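Secondary and tertiary structure notes
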Amino acid sequence: MIHRLKLPAQPVLLAGATVVALAFGCSKVDGPQTGTTPEPSSGGASANAGTSAAAGTGVGPGTGGSGACEGSVITDNKRVVRLSFNQISRTIHSLFGDTFGAKADADFEIGPESPTARTFPPLSSPQEGSTITTGIWQKVDLIASAAGNYSLANLDQLTGCGATPSDACAEAFIRSFAEKAYRRPLSATEASSILQVYSEVKEIYGVPEAVQHSVYAILQSPQLLYRTELGDSKDQTGPLTPYELASSLSYFLSDGPPDTELLSAAQQQKLQTPAEIAAHVDRILATKAARQNLEGALFSYFQVDNLATVKIDDPTFTSGTEAKPYSGVRESAYHEVELFLANSLWSGPLTDLLTARKSWLNTTLAGVYGMTLPGVSDESQFVETAVPANRGGLLTQVGFLAANSRPDVPSVVARGLVVNKSLLCQTNPPFPTDPALIAKIEEASTMLAAASERERAAYRGSTAPCSGCHRTFDAYGLALDTYDSIGRYRAMDPQGRAIDPSVTLPALFDNEVATDAVAMQNAIAQHPGFTACFSKNLLNWALAEGSQLTPTSCATQAIVGGFKASDQSLSSLLREIAVSKAFTQRNAGGTQ
Amino acid sequence: MKSYRFARRSFLAGIGGAFALEILLRDMEAAAEGASSPARMLLTHFPVGTYRQSYLPKGSQTDFTLSPILQPFESLKSDMIVLYGFQDRLTCPGGGGHEAGTPFTTTCANSPGTRANGGEGDDGVAGGPSFDQVFLKHVPGLKQSGAGYINTLADARVDSLETSTQCLSYGEGIPGGTDYRTRSIKAANPGGNITEYTPNLPELSPANAYAKLFSNFIPGGSTTGNNEAALKALRARKSVLDHALRELAALKALAPASEADKIEAHASAVREVEKQLVEQIDNGAMGGGTVCTKPTAPDPALKGQTGSKFDYGAEATATSDEEQHERIGKAHAAVILAAFQCDIIRVASSRRIFALE
């Protein structure tokens, strides 16, 4: 009933989190702190267009990193990366068209409407994983078998060979179909293997069934189910092959297989330099598929997906119906974020996400925001409008605020933790499990039952062992405490006490004072940690399986350097990632 | 091919609807009168707690009196072990009562923490393999070639982002050893990465469960025509799997050592099924002749729902979810029973009622 992109909420920024004992403070940056050998960071697409990324020289001297960095700019070993089920769905659509594609999506719950369609990084969902286990293989086998059956039932339409194809026509179709499915030319061995299926099954049944089973075999072939990142030699660090890079780029940006232009560029060896790669990034980013994919990724990034499941005890929140979904705050807020991302991501700097003074509202949300929309009477109509002075950016939108609230009250701690983790890549501590400590917390909760949120935060910030961690994130939540559980602005708490939204930001900000949530967002947007954190997480997204990166990894810093030299838009960040060594090159993974 | 026969040649006209369950049950009873059946295991679970005072038996060890809730199982009392109090003995940092409780129940193992899945952060992961997988690996006669087991669920909307409240099976046994499949995941609690026993996620669609279990099954007994048709189908499918294995071998040769386990896991899944095909082909397709009739596939439209838990019970819902659960649950049960009777699997887990939180 919610109009949504169907992106299952996955915490975007939890990769590589490191547990820090409560008593020792919580100032650690998210991710392992391994490796201390600085390497040159990247000038990337902006600074080095024209040099050869494929040869490993496309990234130049550091231009924007914060000095020392950790580890290598090449993060991952040579590997094979399985396609997610959504990527398999997109691949099937490209091979068979939307009729069978839609049927496969529905029958096997693999398409963009599937609740497991999107996680961040893509394979981090419990329903996915990086390995094709028995359970996943069984599902893939069913899909492949169904594709074979579809081919038999639509033989002429699919092959163009008529109802009783000749061997020559059928074999030509199979070769061509396999190349499209594998996203590259076939080796002689691969062609021989798939034609062996054709000849064996032809002997058993006949040509139509031989085509059917060949398609079945292609659909469950590892050459389709994985994209390889092996380069020309497994024993040496080096670039992906042009066809590998074409697939990696396409699945990164659009979650689907490479289009004709990318494959053609790979074939012509025109996917070598940062400029060549960047040109394809720009072209792909102009497509609807890429934009929807990346808007969906960012939707998960900000954890707005939680909105679909969060429980809020406010009747206006849940008043949407099937017939009039946008009469409810939940559905309206969801759509506001969708529209905000769709309209903000592709123009202006990345920081607009936190600083934009406009949004896309309907009458339902206008009521929550304490404003009117002249001339708009139908709640299904969302219009671009300036937001009130107490709003600005995603963190003050109902979608973010409600998704991080308790049923009856906003949560200073929950909101603070999300900002700390998702926007700044700081490590959030685990909730204590020591019974003695839990008893102390319960005792404090009882003692502070009548206290204001600020008084509670003051207690947490001044009392060991709470202070070790809460001082690092409570301030963010306190600045957002002027918004209730559905994001309505409030000057007073339920007990009639005035809420002071001014906060002294954590040490990360050198204890800078922010007068309210809008000022806090501006401070975060300007902080180098935000850019580095965002870069790290989008690089993880691009790498699909989630590498052990940190904001201060050399791989991250190389991208940050190029990004700072650009117009600092999301498109530029994606371009920097696409041309980075972390994306285009792999370390040797060891011989067998 | 199969190790035992049923007394009746045909026990089922179709399992497309709930009505089939009654037919199955009648025929299972009839079959049981004249034939011995192998050991089987069906794991089911009634989630989200119960009324403790009416659940706990009185007594201990083998000398106990069943509680009112357990009274219907009186006839099984001598074979019964009643377990409770996991929360006092097992740990799961950050795990919710319901969320950690289900893996506790199915694995009896401490959990390393909770899954970072964007949900409530209390989605406890499995710290050991589930009983069905342990039994499959170690109890002689339970493991059949092919799928080996099935895990089904009638509704996945609660908690829609969690695995623990939806999954009863964890950690497939790795062939040829004592290990079970595990993987490293991001943890909401205690943070960082933790190792979980890989969830064997439930099948929501009875039609898909049917396809998994019956795709290699040729019905009708050992007639000449059936055998020929069966052999053709088996050889054609084997050709497809052979192709996959050739490609995996080629990929393994190209990939570095760090990817070997990943590729081997995939190849192992294919080889398991191919081994079954080879056995069937070597036996002349129908072999000893299981004389059970291949049931009709369930309606593909009948499947457990996914999506937000808040869709459940929403005013706009046009049909009763309880009715839907009953139809899906019965269809799942019918598929499992048919697969048991045809001796395709001997281990299954299934949950019909879902955890409403």
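Here the structure is shown first, and the text comes after it.
Being a predicted model, the structure only gives us computed values, none of them experimental.

Procedures and definitions
- Residues numbered from 1 in each chain as written.
- Chains lettered and ligands numbered in written order.
- Predicted model: local features only at pLDDT ≥ 70, side-chain atom pairs only at ≥ 80, totals over all residues.
- Heavy atoms only, no water.
- Helix = DSSP H or I, 4+ residues; strand = E, 2+ residues; numbered from the N terminus.
- Buried < 20%, exposed > 50% of the residue type's maximum accessible area, 1.4 Å probe, protein only.
- Contact = heavy atoms within 4.5 Å.
- Salt bridge = Lys/Arg side-chain N within 4 Å of Asp/Glu carboxyl O.
- Expected span 1.5 Å × (residues − 1).

Digging into the overall build of chain A
Along the backbone of chain A there are 27 helices and 8 strands. For chain A, the residues scored as buried account for 62% of the 592 residues in total. Restricting the contact set of chain A to residue pairs at least 6 apart, pairs at least 24 apart contribute 71%.

Topic: the pattern of salt bridges
Scanning the entire structure with this criterion turns up 31 salt bridges over all chains. Note that Arg488(A) is salt-bridged to Asp314(A), the shortest N-O span being 3.4 Å. Placement of the pair is Arg488(A) in the loop between helix H22 (474-479) and strand E6 (503-504) and Asp314(A) in the loop between helix H13 (288-301) and helix H14 (329-344), with a sequence separation of 174 residues. A relative accessible area of 16% means that Asp314(A) is categorised as buried. Lys252(B) is paired through a salt bridge with Glu264(B); the nearest N and O atoms lie 3.6 Å apart. With Lys252(B) in helix H7 (residues 224-254) and Glu264(B) in helix H8 (residues 260-282), this pair connects stretches of sequence that are 12 residues apart. Look at Glu264(B) and you get partly exposed, because its relative accessible area is 29%. Salt bridges linked by common partners bring Asp76(A), Arg79(A), Arg227(A), Glu229(A) and Arg586(A) together as one network.

A look at helix H2 (residues 85-96) of chain A
Residues and elements named next belong to chain A. Taking 1.5 Å of rise per residue, the 12 residues of H2 would be expected to cover 16 Å, and the 16 Å separating its terminal C-alpha atoms lies within 8% of that figure. For H2, a buried count of 10 out of 12 residues is recorded, marking the element as mostly surrounded by other parts of the structure. Residue glycine 97 follows H2 closely and has a positive phi angle near 90°.

Quick word on unusual backbone geometry
For the bond from Ala464(A) to Pro465(A), the omega torsion is 0°, close enough to zero to count as cis. Mapped onto the elements of the fold, Pro465(A) is located in the loop between helix H20 (453-462) and helix H21 (466-470). Cis geometry is found at the peptide bond from Asn189(B) to Pro190(B), where omega equals 15°. Mapped onto the elements, Pro190(B) comes out in the loop between strand E6 (182-189) and strand E7 (193-197). At Gln269(A), a residue that is not glycine, the phi angle is positive and equals roughly 60°. Looking at where Gln269(A) falls in the secondary structure, it is placed in the loop between helix H11 (260-267) and helix H12 (274-285). By relative accessible area, which is 47% here, Gln269(A) ends up partly exposed. One non-glycine residue, Cys108(B), lies in positive phi territory at about 55°. As for its position among the elements, Cys108(B) is in the loop between helix H4 (97-107) and strand E4 (114-115).

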